[in-house]
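Letter by letter, the chains look like this.
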Amino acid sequence: METASYTPTAADFRFLRRDGANIDENFASQGYWKGVVRHFSRNKFAVTGVILVALIFLFAVLAPMVSSYSYQEIVSVTDSHGKELVASSLSPQIAGAGEGVFADRTFLFGTDDMGRDLWTRVWQGARVSLLIAFVAILIDMLIGTSYGLISGFFGGLVDDAMQRFIEIAGSIPTLVIISVLAIFMDKGIGLVIAALLVTEWIGMSKIARAECLKLKEREYVLASRTLGAGSAHIIFRQILPNTIGPMITQVMFSIPVAIFTEAFLSFVGVGIVLPGCSIGSLIEAGFNNITIMPYQILPPITVLALLMLGFNLIGDGFREALAPKLADM
Amino acid sequence: MTKYLAKRLLLSLLTLFIITFTLFVLIRIMPGDPFPVERMSAEMIALKRLELGLDKPILVQFADYMGMLASGDFGNGTSLYNGAPITPILLTCLENSFKIGVLAIFCGTTVGLFLGIVAALNRGKFLDGLCTVFSIFGVCVPSYVFMIFLQYFFAYQIPFFPYFFDPGDFLLSAVMPSLSLSLLSMSTVSRFTRNEMIEVMASDYVKLAESKGLYGFRLIRAHVLRNALIPVVTVIAPLVVDLLTGAMVMEKIYGVNGVGKLMVDAIAGDGIDYNYVLALSMVFSALYIGAMLALDILYGIIDPRIRLSAKEG
């Protein structure tokens, strides 16, 4: 007996339960990065970190542009007697609510002892911190990664020499490096960047080397080698893309270190100097006036703490998302 | 073990020597003179250079300097304190910094360990959450924020502690500096201890020990803590370095007459005092390398496996 020919239509294939609850999500295969993003975005702390950093970035870019003062400008008015009055050390105020000759001005964070608008200066300082963060990323990515990959890939004598160099370079305290640089360079952002340039890459190079040692024994590297690929191709096209995970984590953790280094250097007076400003120099100014005007130190300290917190949370989130331990699942 | 130690010691000394030599050469090949030349005639400059031995070849100068160091003399400052001899000033500063630093390390590691253990034993409960929040803040908020606030509230608003550090009143005035300096190590150590303990407590050998009937303090001490401590020791090394950096800020805030402040004075003033930079750099490097060495040895004591592999290697 022959069954009637029947062509299945799409309507024949439907889920028994409409809500899709029978789809196995826990063990379904999914792309590596998809999993990472999913894990990351489910982490409340990590998302908070992203929001914090994004907000600070937004304010740092926009606030100095929109502000009616420049960050170096000393706000003053000339009164009816032709005398110049400087808006020094005013409390936070918005236009119309203040007193005296500056009643119509807005100073969201008040003014510093020289009469400069703290709102503008704080966000200008945040710009410097973010610039430092960017520099730290570049240093990690370019110097640290290449050094570690090359050292790990070639092994043998090259590796030995490069590792001895790191051992010696790593046992010089950062402070010593900074003071030597201070001899050769003028104080300012250049000195801060140079200090980072000399010290920041070591941690990253160690991670890149460890990853490279692990990966270079893999079959796909051997296959690539058999097909005639050169060392540079294997290092940068075959190994590098597979080391991205641990590297992102390392970068995320070296950013707060770099931001802190700048804030610290400016605080002790080796970093950004007046009339320029950074978070560190603003904290220093606030510290010097703390017994007279304690509120002046609050805005830069808060921004710094939130920025460090944000990057640390993102770093933690990445670390967990990239290498989830069984306990976290 | 002895062979390994000797090797490490030799390598440390070599590193220290390389650092000193590099610094010395770098400073000597700098253009310009380490004394104010504006108001001096050509003969005076030449005389001064002769007096300081700057006319000799660099290597000879370095040998002279090393000879001086061997007798415990760091030479004279070039601009700080009117060129007074460095050694007595350095010793006073070292003493102050060292006392506070040791107090901070002690405070940071013991309290950190304690917090970490408490958090791990109460995993997922309120105490654990409290310790986690504390350690996140300790890591994220720079220690000088704590220093400034401690000083503002507990010395200025409520004048309980002295505002500035005073060697004559060490006990009371060292509380705030060492406490705020130790916050970073405290939180790092506690976070690390917690994670390591949790990992070790989930391991098979702890389960075995438990099934043998061990429990409570003995289990923790004999099986968990010893294994959990090994990685914790590794984080202490970088923390000692952070302490040096932190000390620079701490000494500025609390007015401590210490090495960090001396270094800032030497580089942040109008002129740079090369001899101080050289002397302090050596002291810092020696401290740092010494701390690393000490931790290596400590590592061997805690973990016999490392001792064994070092013996073979």
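How each quantity is defined
- Residues numbered from 1 in each chain as written.
- Chains lettered and ligands numbered in written order.
- Predicted model: local features only at pLDDT ≥ 70, side-chain atom pairs only at ≥ 80, totals over all residues.
- Helix = DSSP H or I, 4+ residues; strand = E, 2+ residues; numbered from the N terminus.
- Buried ≥ 20, exposed ≤ 12 C-beta atoms within 10 Å, placed from the backbone.
- Contact = placed C-beta atoms within 7 Å.
- Nonpolar A, V, L, I, M, F, W, Y, C, P; charged D, E, K, R; others polar.
- Axes fitted to C-alpha atoms, helices over the stretch in contact; angles between N-to-C directions.
- Parallel < 35°, antiparallel > 145°, perpendicular 65-115°, else oblique.
- Left-handed = near helix turned anticlockwise from the far one by under 90°.

Colleague: Looking at this model, I keep getting lost on the overall build of chain B. Mind explaining?
Modeller: Within chain B, the secondary structure is distributed over 13 helices and zero strands. Counting all 313 residues of chain B, 34% fall into the buried class. Counting contacts in chain B only where the partners sit at least 6 residues apart, residues at least 24 apart contribute 71% of the total.

Colleague: I would appreciate a short explanation of the environment of Val303(A) in the present structure.
Modeller: Relative to the helices and strands, Val303(A) is located in helix H12 (residues 298-322). Excluding its chain neighbours within four sequence positions, the residues that come into contact with Val303(A) are Ile56(A), Val122(A), Ala126(A) and Ile279(A).

Colleague: Teacher, can you tell me more about the interface of chain A and chain B here?
Modeller: Where interface size is quoted, it is often the accessible area lost as the parts come together. Facing the 29 residues of chain A at the interface are 34 residues of chain B. At the level of elements, helix H5 (174-184), helix H10 (244-268) and H12 of chain A are the ones that each hand at least two residues to the side of chain A that touches chain B. For the side of chain A that touches chain B, the element with the highest residue contribution is H5(A), accounting for seven residues. Its residues placed into classes, the side of chain A that touches chain B shows 23 nonpolar, six polar and no charged.

Colleague: Before we go on, may I ask you to explain the packing of helix H1 (residues 2-28) of chain B against helix H12 (residues 274-302) of chain B in this structure?
Modeller: Any two packed helices are characterised by how steeply their axes cross, that is the angle between the axes, and by the distance between the axes. Residue and element names in this part refer to chain B. Viewed as axis vectors pointing N to C, H1 and H12 meet at an angle of 165 degrees, and their least axial separation amounts to 10 Å. Taken together, the axes of H1 and H12 lie roughly antiparallel to each other. Crossing angle aside, the handedness with which H1 passes H12 is right-handed. Taking contact as the criterion, the partners of Leu-5, Arg-8, Leu-9, Ser-12, Thr-15, Leu-16, Ile-19, Thr-20, Leu-23, Phe-24 and Ile-27 in H1 are, on H12, Tyr-274, Leu-278, Ser-281, Met-282, Ser-285, Ala-286, Ile-289, Leu-293, Asp-296 and Ile-297.

Colleague: Before we go on, may I ask you to explain the environment of Ser266(A) in this structure?
Modeller: Positionally, Ser266(A) belongs in helix H10. For Ser266(A), the contacting residues outside a window of four places in its chain are Gly271(A), Ile272(A), Ser278(A), Gly280(A), Ser281(A) and Glu284(A).

Colleague: What is the right way to read the environment of Ser70(A) from this model?
Modeller: One can find Ser70(A) in the loop between helix H2 (44-66) and strand S1 (76-78). Expressed as a C-alpha distance, the spacing of Ser70(A) and Arg116(A), which sit 46 residues apart in the sequence, is 8.5 Å.

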